[in-house]
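For reference, the chains in residue letters:
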Amino acid sequence: MVGMTSSSITPYGMEFPRISLTSGYSDALVLAPFGLVALSFLVTYLTMPWFIEALRRAGITGRDLHKPRMPSIPTMGGVGIYAGFAVAMTIAPTLQLDYRLLFAIFLSGTLAVLVGILDDLFSLGKLALVALTFAISLPVVSFQAGSTYVYLTPFGPADFEWFFWALVPFAFAFLMNGVNIYAGFNGLEAGLGIISSISLGICALIYGSMESAVALLAIAGGLLAFLKWNWFPAKVFVGGSGTFLLGAVLASAMIAGSIKVVGVIALFPYFINFVLRATDRFHWSVGKTLPNGKIISRKRNALWALFMFRRGRTERYVVLRCLAVQVGFAVAAIVFAYFHVNFIRT
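Residues numbered from 1 in each chain as written. Predicted model: local features only at pLDDT ≥ 70, side-chain atom pairs only at ≥ 80, totals over all residues. Heavy atoms only, no water.

(A) Representation of the side chain of D280 within the structure. Take D280: it is sitting in the loop between α11 (268-279) and β7 (288-289). The exposure class assigned to D280 is buried, which follows from its relative accessible area of 15%. If near-sequence neighbours (up to four positions away) are discounted, D280 is found in contact with K299 and N301. (Helix = DSSP H or I, 4+ residues; strand = E, 2+ residues; numbered from the N terminus. Buried < 20%, exposed > 50% of the residue type's maximum accessible area, 1.4 Å probe, protein only. Contact = heavy atoms within 4.5 Å.)

(B) Structural detail: the packing of aromatic side chains. Considering all chains together, one arrives at 22 aromatic pairs under this definition. Between F103 and F143, the aromatic rings sit 5.6 Å apart at their centres with planes inclined by 75°, giving edge-to-face as the arrangement. Residue F103 is found in helix α3 (residues 99-122), and its partner F143 is found in the loop between α5 (138-142) and β5 (149-150); the two are separated by 40 residues along the sequence. Over the face of the ring belonging to Y317 we find R321, whose NZ or CZ atom lies 3.8 Å from the ring centre. (Phe/Tyr/Trp six-rings, centres within 6.5 Å; stacked < 30°, edge-to-face > 60°. Lys NZ or Arg CZ within 6 Å of the ring centre and 35° of its normal.)

(C) Seen up close, a positive patch on the surface. A cluster of basic side chains, namely K288, R298, R300 and R310, defines a positive patch on the protein surface. Along the chain, R298 turns up in the loop between β8 (295-296) and α12 (315-343). (Patch = residues over 30% accessible without salt bridge, like charges linked within 9 Å, V, L, I, M, F, W, Y side chains within 5 Å. Areas by Shrake-Rupley, 256 points an atom, 1.4 Å probe, with all protein chains shown as cover. Salt bridge = Lys/Arg side-chain N within 4 Å of Asp/Glu carboxyl O. Lys, Arg positive; Asp, Glu negative; His and termini not counted. Charge placed at Lys NZ, Arg CZ, Asp CG, Glu CD.)

(D) Structural context of a nonpolar patch on the surface. A contiguous nonpolar surface patch, about 570 Å² in accessible area, is contributed by F41, L42, Y45, L46, I198, I202 and L224. If you list the elements that add at least two residues to the nonpolar patch, you get α1 (27-58) and α7 (188-207). A total of 4 residues in the nonpolar patch trace back to one element, the largest contributor, which is α1. Tracing the sequence through the fold places L46 in helix α1.

(E) Region of interest: the pattern of salt bridges. All told, the structure shown has 4 salt bridges when counted by the stated rule. The shortest N-O distance in the salt bridge between R100 and D98 comes to 3.7 Å. A relative accessible area of 30% means that R100 is categorised as partly exposed. Measuring nitrogen to oxygen at the nearest pair gives 3.2 Å for the salt bridge that ties K299 to D280. With a gap of 19 residues between them, K299 in the loop between β8 and α12 and D280 in the loop between α11 and β7 connect regions that are remote in the sequence. Here the salt bridges do not stand alone but share partners, grouping D64, K67 and E315 into one network.

(F) Focus on α7. Between the first and last C-alpha of α7 there are 28 Å, a value that for 20 residues agrees with the 28 Å anticipated at 1.5 Å per step. Most of α7 sits inside the fold, with 18 of its 20 residues counted as buried. Within two residues after α7, G208 carries a phi angle of roughly 80°, on the positive side. (Expected span 1.5 Å × (residues − 1).)

(G) Summary view of the layout of surface pockets. Its volume calculated, the largest pocket comes out at about 1,100 Å³. In this structure, the largest pocket is lined by 37 residues; those nearest its centre are D119, N180, A183, G240 and W284. For the lining of the largest pocket, the elements supplying multiple residues, two or more each, are β3 (61-63), α3, α4 (126-136), α6 (162-181), α9 (239-256) and α11. Counting residues per element, the lining of the largest pocket draws most heavily on α6, which supplies 5 residues. Here the residues of the lining of the largest pocket sort into 16 nonpolar, 14 polar and 7 charged. Estimates place the volume of the second largest pocket at around 740 Å³. Considering the residues around the second largest pocket, the lining is formed by 23 residues, among which F164, A171, M254, K260 and V264 are closest to the centre. At the level of elements, α6, α9, α10 (260-266) and α11 are the ones that each hand at least two residues to the lining of the second largest pocket. Here the element with the most residues in the lining of the second largest pocket is α6; it accounts for 7 residues. Its residues assigned to classes, the lining of the second largest pocket shows 20 nonpolar, 2 polar and 1 charged. (1 Å grid on protein atoms, 1.4 Å probe; cavity = no way out; pocket = protein on both sides within 12 Å on 5 of 7 lines; lining within 4 Å. Points joined across faces, edges and corners; volume = space filled by probe spheres on them. Nonpolar A, V, L, I, M, F, W, Y, C, P; charged D, E, K, R; others polar.)

Structural data, given as structure tokens:
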């Protein structure tokens with residue numbers, strides 16, 4: 001059993017709970033986020049078969065560019081992930097947590113899904129997407145959901161006060177679009193999202209940020225269920241509805257909880273991919289499919305491109321390497337959080 005036994009004041013004047021394996025939080029409160037994982041998983045798992053067929057009948061599909069004959073695959077699967085997330089977040093206030101933080105995260109996620117649906121249906125332009133991702137941050141900003149104190153900056157610990165909230169829209173825009181452009185392969189978006197949300201959910205539990213933990217683990221449950229139909233060979237794509245949802249939940253949970261620094265660590269591969277994509281002016285590419293079914297990239301214009309640069313690789317090979325990189329940063333974030341909470345002394 002994980003619990004909180006005592007608090008300590010860090011050298012920066014911040015109070016963090018210490019982690020214990022034997023006492024502290026009640027069993028029900030500690031285990032509740034994992035119960036919401038199961039609920040989110042179940043809802044998405046039960047609704048996805050129907051939803052996939054509905055998307056197919058409606059003709060909401062995209063081409064799988066890495067398969068022979070490039071079959072049409074239903075897209076906009078993120079709505080199924082949202083179904084599980086929404087049910088779990090609707091139940092979450094019964095845990096007597098801060099409903100203001102929960103509602104801000106949930107509302108941002110809902111707006112993100114709506115923007116993603118519009119993009120899936122009408123292929124919004126880049127400028128429109130950037131502008132809308134700025135707007136999705138408004139619930140977090142208006143509710144001031146989170147602390148403006150950042151304990152690790154190039155200038156030492158600092159309280160950014162009003163300037164912090166001015167930066168939040170930029171954080172949303174960067175992270176949501178960063179998640180959206182690290183995509184294009186079976187299982188990649190969902191796999192990265194599972195690793196990121198679970199690792200940051202664990203970090204949130206370590207820091208005692210229960211609202212963030214609930215939201216992150218709720219989205220993880222939906223992603224886990226969705227992966228059954230998104231893994232090789234994919235029967236449904238996550239679409240903009242899913243990538244924007246994931247980006248909004250990650251951004252809002254980081255801001256609402258004490259997990260800003262560990263969030264940067266865990267999500268650093270998204271930044272690497274963003275920089276690589278910027279070198280090619282964000283030109284959309286998922287490599288070239290060779291006659292033997294393998295894929296190759298002539299440029300190092302994305303993180304996944306590094307694993308198939310001038311050498312044919314299978315789609316599975318590329319995705320598994322990307323997931324392995326994400327796991328490395330996720331573990332580093334958890335280790336940092338644990339040592340930061342338990343071994344910093346006054």
